[in-house]
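Each chain, written out:
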Amino acid sequence: MLDVIFFDIRYVRMEDRKRALVSRLLQYALVHELLGIRYGEIIINRTLEGKPYLECDKVGIEFPNFNFNVSHHGDFVAIASEPLCLVGLDIVCCVTPCKETIQEFIQNFSSYFSSLEWDNILSAGTCEEILVEFYKYWCLKEAYVKAIGSGLVYGLDKVEFHHNNWTNIFLKIDDVPLMEWRFWIFELGKRHWVSVARGPPRSATESYKRTLNKVEFDEEEYNQGLHLANASFVWKTVEQLVQVAYGVNGILDEQSARTCS
C-alpha cells in the first residue's frame with residue numbers, strides 16, 4: 001500500500017455532506033503530496049459507477065497504475081493509494097441501532113452474507129460482539145466492491161471472507177479462492193474499523209479499467225506490487241489539511257481555490 005492517511009473530524013461536527021467535502025480535500029492533498037501536482041492542475045473525475053480517479057498524464061513510471069480510494073463514516077475520513085494494484089478502502093463505525101434490536105438490524109442484511117459468514121456472525125458471542133462481527137465482514141465486502149469499482153452490492157453472498165482471528169484474511173467467490181488479493185482490517189479506536197483491499201487491475205469494472213494506465217502485468221511484476229510493505233498510517237487534522245491546501249504562506253491561488261471548492 002502506497003499511503004494511508006486518516007484524520008479525525010469529531011470536533012468539527014460536520015454532517016455527511018461536509019464529510020464528503022473534506023473527503024474531496026483529502027484526495028487533493030494526497031495527490032499533491034505524493035505526486036507533486038499543483039492543486040490547480042489536479043483533475044479528479046468519477047467513473048459511471050462513482051469510483052474517483054485521477055485524470056493526469058504526469059504520473060511517473062514508479063506509479064504505473066496510481067489509484068486511490070476514500071471512505072468516511074463516523075468520526076473519520078480515510079484515503080489509501082496504490083502504485084500498481086487496485087485499492088479499496090472502507091471505514092465502519094459500529095453504531096448500535098436505536099429503533100430495533102441488534103438481531104433485527106443485522107437481519108436486514110442477511111442476504112449479503114454467505115452461510116459460513118452468517119453463522120460466524122451469529123455465533124460471535126454477546127449482542128455487541130455480534131454487531132462488531134457483522135460490521136467487520138461488511139467493511140471487508142465494501143473494500144472489495146470499492147476496489148473493483150463496481151459500486152454494487154448484489155451478489156455479495158458469493159463474496160465470502162475467511163480469516164484467522166481477523167488475520168490472514170482471504171477471499172472466495174463462488175467457493176473459488178482468489179489468491180491474487182490481499183485484505184487487512186484495523187481498529188481505529190472508539191468502535192471504528194477500517195479495511196483495505198489490494199488486488200489485480202484486470203478485476204476492475206470495464207469503466208474503471210479505462211482509467212488505468214495498465215491492466216495486465218506479468219506474474220513477477222504484479223507480485224512486486226501485491227507484496228509491497230504497508231505504509232504506516234498518517235494522521236492529520238482538518239486544520240493540517242487546510243494548511244497544506246493554502247501552502248506555507250497561507251495563500252491559495254485563485255484557480256486552486258476554485259478546484260477545491
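Residues numbered from 1 in each chain as written. Predicted model: local features only at pLDDT ≥ 70, side-chain atom pairs only at ≥ 80, totals over all residues. Heavy atoms only, no water.

Chemist: Teacher, can you tell me more about the sheet that holds strand S8 (residues 167–173) here?
Modeler: What holds strands together in a sheet is hydrogen bonding between their backbones, with the strands either parallel or antiparallel. Taking strand neighbours across the sheet as the criterion, the 3 strands line up as S7-S8-S9 in an open arrangement whose pairing is antiparallel. With one partner strand each, in any of the chains shown, strand S7 (159–164) and strand S9 (176–177) form the two edges of the open sheet. For S7 and S8, the ladder comprises 5 bridges, and the chain directions are antiparallel. By the bridge assignment for S8, Asn164 is matched with Thr167. (Pairing = 2+ DSSP bridges. Helix = DSSP H or I, 4+ residues; strand = E, 2+ residues; numbered from the N terminus.)

Chemist: Got a minute to help me understand the packing of aromatic side chains in this structure?
Modeler: Centre distance and the angle of the planes are the two values used to describe a pair of aromatic rings. In total, this model carries 20 aromatic pairs according to the counting rule given. Each residue in the set Phe105, Phe109, Tyr112, Phe113, Trp118, Phe134, Tyr135 and Trp138 is aromatic and connected to the rest through ring pairs, giving one cluster. (Phe/Tyr/Trp six-rings, centres within 6.5 Å; stacked < 30°, edge-to-face > 60°.)

Chemist: What am I meant to see in the side chain of Thr47 here?
Modeler: Secondary-structure assignment places Thr47 in the loop between strand S2 (44–46) and strand S3 (52–54). Take Thr47: its relative accessible area is 9%, and that puts it in the buried class. (Buried < 20%, exposed > 50% of the residue type's maximum accessible area, 1.4 Å probe, protein only.)

Chemist: So what exactly am I meant to see when it comes to helix H7 (residues 238–246) here?
Modeler: Because each turn of an α-helix spans 3.6 residues, side chains separated by three or four positions end up pointing in the same direction. Buried within H7 are the following residues: Val238, Leu241 and Ala245. The arc that holds the buried residues of H7, viewed along the axis, is 60°, so those residues lie on one side. Of the exposed residues in H7, those oriented more than 90 degrees away from the buried face are Glu239 and Gln243. (Arc of directions from axis to C-beta.)

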